[in-house]
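A structural walkthrough
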Amino acid sequence: MTIFERIHPRQPLKNLKWFDILIVTGILFGWFIYTSTQTWLSQSNAREQVLRASASEDVWLYANNLKLQILFLVLALLYLLLRHYDFKQLQLRLSWLLLWAPLIFAMVGLASDLVATLAGSYNYFDPRILQQIDWTFVEVARKLLLLPPLTMVYALFNGFYEEFFFLGLLTSVNPKYKWFVLAYSTLIRFTFHTYQGFLSAFTIGVVFGLIYYFLYTYKIKNLWPFFLAHAIADFFGSSLIYLLVVWR
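Reading the values: the criteria
Residues numbered from 1 in each chain as written. Predicted model: local features only at pLDDT ≥ 70, side-chain atom pairs only at ≥ 80, totals over all residues. Heavy atoms only, no water. Helix = DSSP H or I, 4+ residues; strand = E, 2+ residues; numbered from the N terminus. Rg over C-alpha atoms; globule rule 2.2 N^0.38 Å. Buried < 20%, exposed > 50% of the residue type's maximum accessible area, 1.4 Å probe, protein only. Contact = heavy atoms within 4.5 Å. Areas by Shrake-Rupley, 256 points an atom, 1.4 Å probe, with all protein chains shown as cover. Lys, Arg positive; Asp, Glu negative; His and termini not counted. Charge placed at Lys NZ, Arg CZ, Asp CG, Glu CD. Axes fitted to C-alpha atoms, helices over the stretch in contact; angles between N-to-C directions. Parallel < 35°, antiparallel > 145°, perpendicular 65-115°, else oblique. Left-handed = near helix turned anticlockwise from the far one by under 90°. Phe/Tyr/Trp six-rings, centres within 6.5 Å; stacked < 30°, edge-to-face > 60°. Lys NZ or Arg CZ within 6 Å of the ring centre and 35° of its normal. Patch = residues over 30% accessible without salt bridge, like charges linked within 9 Å, V, L, I, M, F, W, Y side chains within 5 Å. Salt bridge = Lys/Arg side-chain N within 4 Å of Asp/Glu carboxyl O. Core = buried A, V, L, I, M, F, W, Y, C linked by side-chain atoms within 4.5 Å. pLDDT = per-residue confidence, 0-100. Nonpolar A, V, L, I, M, F, W, Y, C, P; charged D, E, K, R; others polar.

**With respect to the overall build of the chain**
When you go through the chain residue by residue, the secondary structure sums to 12 helices and 0 strands. Element order for the chain, N to C, with α for helix and β for strand: α-α-α-α-α-α-α-α-α-α-α-α. Against the 2.2 N^0.38 benchmark of 18 Å for 248 residues, the chain shows a C-alpha radius of gyration of 19 Å, consistent with a compact globule. Overall size of the chain, expressed as C-alpha extent along the three principal axes, is 70 × 45 × 35 Å. With 248 residues in all, the chain has 44% of them scored as buried. Here the contacts in the chain between residues at least 6 apart in sequence split such that 83% fall between residues at least 24 apart. Looking at the chain as shown, the accessible area adds up to about 13,700 Å², and 69% of this sits on carbon and sulfur atoms. In the chain, 19 positive and 13 negative side-chain charges are present, and the distance between their average locations comes to 10 Å.

See below:
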């Protein structure tokens, strides 16, 4: 077997090797892990809250990240093509399963509200807040219409970018290693969200990551609903109750 055949096997590669995972992780998330960790270590808790509030309003940040992610995704795809990765095995079907997307977001959003309440960050289950929920969902539509177009484009792309890796590529491993890879994927999700603070990184990296993984693996074997559910979380934030409440 030649060196090229070792790199580019004749048969499509269904199970990624450990070095494939490390290389693709480095391409897609290496820069974001570095900058997120640097921000987390350099800011105080008070400063962190200011940064998080201002970052959500700076559309240029989305544009910059979108450019970087497109570049990194192209590089990762080129590497996977070189490795002769079997893209056909990815579960991508446009079907009624797309209706799962808002339900998935509701699950993770409610879990996020529970974590925030238990951690003492914010009590979303205060009766004074719950009584302000708009069950007609007009408030959801209003919040959606307020989103800048670039924010929506970035959120949709980011949902694909992250779940293509975590639920698509990282489930393409030998089944006997799946629990090791799940632990690894949880750690990676956490590390590039630390710029939002420890609690948010834990919620997104651990809570969201595990819910996504088990729903995808054992219930909804289709990536599209997770792409969209992730995008919805990027649209509005991770809180379900925040999205439904008419804030006075």
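There is more to say after this.
**Points about the packing of helix 10 (residues 198-218) against helix 11 (residues 224-236)**
Axis separation between helix 10 and helix 11 bottoms out at 11 Å; the angle between their running directions is 160°. Regarding the angle of helix 10 to helix 11, the classification is roughly antiparallel. Crossing handedness for the pair helix 10 and helix 11: right-handed. Where helix 10 abuts helix 11, its residues Y212, L215 and Y216 lie against F226, A229 and H230.

**Quick notes on the packing of aromatic side chains**
A ring pair, where both rings are aromatic, is described by two values, the distance of the centres and the angle of the planes. Counted under the stated rule, the structure contains 28 aromatic pairs. Seen in terms of ring centroids, W40 and F190 are 6.2 Å apart; in terms of plane orientation they differ by 85°. Their pairing is edge-to-face. Pair noted here: W40 is in helix 2 (residues 18-42) and F190 is in helix 9 (residues 178-191), with a separation of 150 residues, a long-range link. You can call W40 partly exposed: its relative accessible area is 30%. Feature note: the residues F29, F157, F160, Y161, F164, F165, F166, F192, W224 and F227 constitute an aromatic cluster, connected by ring pairs. Lying over the aromatic face of Y242, K143 brings its terminal NZ or CZ to 5.2 Å of the ring centre. The ring of F166 carries R189 above its face, with NZ or CZ at 4.2 Å from the centroid.

**With respect to a nonpolar patch on the surface**
Residues I70, L71, V74, L75, L78 and L81 make up a contiguous nonpolar surface patch of about 530 Å² in total accessible area. Secondary-structure assignment places L75 in helix 4 (residues 59-82). A residue is classified by how much of its surface remains accessible, and L75, at 41% relative accessible area, is partly exposed.

**Structural notes on the side chain of S239**
Assignment of secondary structure puts S239 in the loop between helix 11 and helix 12 (240-244). The exposure class assigned to S239 is buried, which follows from its relative accessible area of 6%.

**Here we look at the nonpolar core**
L28 and F29 are the most contacted members of the largest nonpolar core, which has 63 residues in total. Ignoring anything within four residues of it in the chain, the contact list for F29 reads Y161, E162, F165, F166, I188 and F192.

**So, the confidence of the model for the chain**
Per-residue pLDDT for the chain has a mean of 90; in total, 92% of the residues score no lower than 70. Confidence drops under pLDDT 50 across residues 44-56; counting only partners more than four residues distant or on other chains, this segment forms 12 contacts.

**A short note on the packing of helix 2 against helix 9**
Helix 9 packs onto helix 2 with a crossing angle of 40° between their chain directions and a minimal axis gap of 8 Å. Considering their axes alone, helix 2 and helix 9 lie oblique with respect to each other. Contact residues: helix 2 offers I21, L22, T25, F29, I33, S36, T37 and W40, while helix 9 offers V181, Y184, I188, F190 and T191. Partitioned by chemical class, the residues of the contact of helix 2 with helix 9 number 9 nonpolar, 4 polar and no charged.

**Topic: the pattern of salt bridges**
Within the structure shown, the criterion is met by 6 salt bridges. The residue D20 makes a salt bridge to R83 at a minimum N-O spacing of 2.7 Å. Of the two residues, D20 is situated in helix 2 and R83 in the loop between helix 4 and helix 5 (100-118); the sequence distance between them amounts to 63 residues. R83 carries the same exposure label as D20, and that label is buried. R142 is paired through a salt bridge with E139; the nearest N and O atoms lie 2.7 Å apart. Taken as a pair, R142 and E139 lie in helix 7 (residues 138-145) at a separation of 3 residues, close to a single helical turn. Given the relative accessible area of 43%, R142 is considered partly exposed. Taking the relative accessible area as the measure of exposure, E139 reaches 6% and is therefore buried. Among the charged side chains, a salt-bridge network with shared partners connects E139, R142 and K143.

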